[in-house]
Amino acid sequence: MKAIQILHTGGPEVLTLTDLPTPTPAAGEALLRVEACGVNFIDTYFREGRYPATLPYTLGQEAAGTVVSVGDGVTSVKPGDRVAWCGVAGTYAEFAVAPAARLVPIPEGVSAEQAAAAILQGMTAHYLSHSTYPIQRGDEVLIHAGAGGTGLLLTQMAKSLGARVFTTVSTEAKAALSRTAGADEVILYTQCDFAVEVKRLTEGRGLPVVYDSVGKSTFEQSLTCLRPRGLMVLFGGASGAVPPFDLIRLSTLGSLFVTRPTLKDYIATSADLIARASDVFNGIAAGTLRLRMEHTYPLAETAQAHRDLESRATTGKLLLVP
Ligand code: NDP
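Fair warning: this is a prediction, and the values are worked out from it, not measured in the lab.

Participant: So, the state of the cysteines: which residues are in play, and what are the values?
Facilitator: Summed over all chains, the structure comprises 0 disulfides. As a non-bridged cysteine, C192 has C225 as the owner of its nearest cysteine sulfur, 11 Å distant. You can call C225 buried: its relative accessible area is 0%.

Here's what the structure looks like:
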């Protein structure tokens, strides 16, 4: 089968199209034909070596497709079932294996491409808005990268929970997309200081929560957007990792809280996984959660997909179609 591997870490040029034996599912696993595979920022972190991996390593953490065969003891899925999964490495390939317990059925009305585009970013937006900080009607919230794949979904969920949503984006075109997703106040951080703008728009109140996936270049200013006892949700580092931080700053800025959440801890049980994925897929099927597909690439063009994602050129979801 065709797959994208890295033999060593580095830039997009280390992504190598290779031929590998089709894997065999072990007990408790299923073999899956990958119909579409999501490209996520976390894939670039593994490619760069920011997150450790045993080499050679087949990238990719999010996909949808069909069950081909199952290993011993698997009764929850059978060949032919349409499923989506995430958080299991090896999806940049024509076939992948995953634990059967991590597979989510794709409902009628949702295509494999939609499921692959939504499962990781959709469940991320879901846990951030419903669990990390459960948004209440009337809350004022800031979402960075508001026109990104995760940002567009998080904005829609925050709006549906009744929030007044502020976003940051880099360009006018991205601002228009963020507004279409429901953002009330879109801040072009390339033209003004977003923290000053947040203070102005909230008449000095500050926010109960900031969702920050940009990291290094926004973290310090994001803290100053919070009201006393507000929560900083640092859930990514698109601009780089946040450097070591003196905790006393949380006291001087108003008894703030900081969390660095990750999806796997919010879908650790099958019940959590199925509940979150079902909420996301049902929203797509009903048309209440809109996905923006930016571009699809064949496996051979994976390096271009990474370049596009890292260059800030994209708005919405990038997919590989093996
Ligand atoms: P996006 O589509 O949001 O792309 C990243 C965006 O970040 C860019 O489009 C850009 O928007 C903004 N950005 C700001 N500064 C930079 C920079 N220096 N380099 C690149 N981009 C920058 O990506 P995803 O939706 O795939 O992921 C968003 C974030 O969410 C990532 O940090 C990812 O790691 C994180 N994430 C975390 C998860 C978790 O559970 N913790 C799960 C899933 C994703 P603009 O041009 O408007 O500034």
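Participant: For the packing of aromatic side chains, give the residues involved together with the corresponding values.
Facilitator: Applying the stated rule across the entire model yields 6 aromatic pairs. An angle of 25° between the planes, with centres 5.4 Å apart, marks the rings of F46 and Y57 as stacked. Of the two residues, F46 sits in helix 1 (residues 41-48) while Y57 sits in strand 4 (residues 57-58), which places them 11 residues apart along the sequence. As far as burial versus exposure is concerned, F46 and Y57 are alike and both buried. An aromatic cluster is present here, built from F41, Y45, F46, Y51 and Y57 joined pairwise through their rings.

Participant: Pulling in residues and values, what's your account of unusual backbone geometry?
Facilitator: Excluding glycine, a negative phi dihedral is what most residues carry, and trans is how most peptide bonds are arranged. In this model, L55 is joined to P56 through a cis peptide bond whose omega is -10°. Secondary-structure assignment places P56 in the loop between helix 1 and strand 4. Notably, A145 is not glycine yet its phi reads approximately 50°, a positive angle. By secondary structure assignment, the location of A145 is in the loop between strand 9 (140-143) and helix 3 (149-160). Overall, the relative accessible area of 31% leaves A145 in the partly exposed class.

Participant: Describe in detail the sheet that holds strand 1 (residues 2-6), supporting the description with residues and values.
Facilitator: Ordered by their spatial adjacency, 3 strands build an open sheet running 2-1-4, and the pairing between neighbours is antiparallel. Two strands close off the open sheet at either side, each with one partner strand: strand 2 (15-19) and strand 4.

Participant: Any details on the packing of helix 2 (residues 112-132) against helix 8 (residues 270-286)? Residues and values, ideally.
Facilitator: Orientation of helix 2 relative to helix 8, taken along the N-to-C sense of each, is 115°, at an axis distance of 9 Å. Between helix 2 and helix 8, the interaxial angle falls into the category roughly perpendicular. Crossing hand, helix 2 versus helix 8: right-handed. Between helix 2, through Q114, A115, A118, I119, G122, M123, H126, Y127 and S131, and helix 8, the contact on the second element is made entirely by L273, R276, A277, D279, V280, F281 and I284.

Conventions and cut-offs
- Residue numbers run consecutively from 1 along every chain, following the written order of its sequence.
- Given that this is a predicted model, residues contribute local features only at a pLDDT of at least 70 and side-chain atom pairs are listed and counted only at 80 or more, while totals for whole chains, interfaces and linings are drawn from all residues.
- Hydrogens and water are ignored here; the side-chain numbers use all heavy atoms of the structure.
- Only a pair of cysteine sulfur atoms within 2.5 Å counts as a disulfide in this structure description.
- The buried label applies to any residue whose accessible area, calculated with a 1.4 Å probe on protein chains only, is under 20% of its type's maximum; exposed applies above 50%, and partly exposed to all values in between.
- Between the rings of Phe, Tyr and Trp (Trp by its six-membered ring), a pair exists once the centres lie within 6.5 Å; its type follows the angle of the planes, with under 30 degrees stacked, over 60 edge-to-face, and the other angles tilted.
- A run of DSSP states H or I qualifies as a helix once it reaches four residues; a run of E qualifies as a strand once it reaches two. Both are numbered from the N-terminal end.
- Whether two strands pair depends on DSSP finding at least two bridges between them.
- Lines fitted to C-alpha atoms define the axes here, with helix axes fitted over just the stretch in contact, and angles between the N-to-C directions of these axes take values from 0 to 180 degrees.
- Should an angle fall under 35 degrees it is taken as roughly parallel, and over 145 as roughly antiparallel, whereas 65 to 115 is taken as roughly perpendicular and any remaining angle as oblique.
- We call a crossing left-handed when the near helix sits turned anticlockwise from the far one by less than a right angle, and right-handed when that turn is clockwise.
- Whether two residues touch is decided by their heavy atoms; if any such pair falls within 4.5 Å, the residues are in contact.

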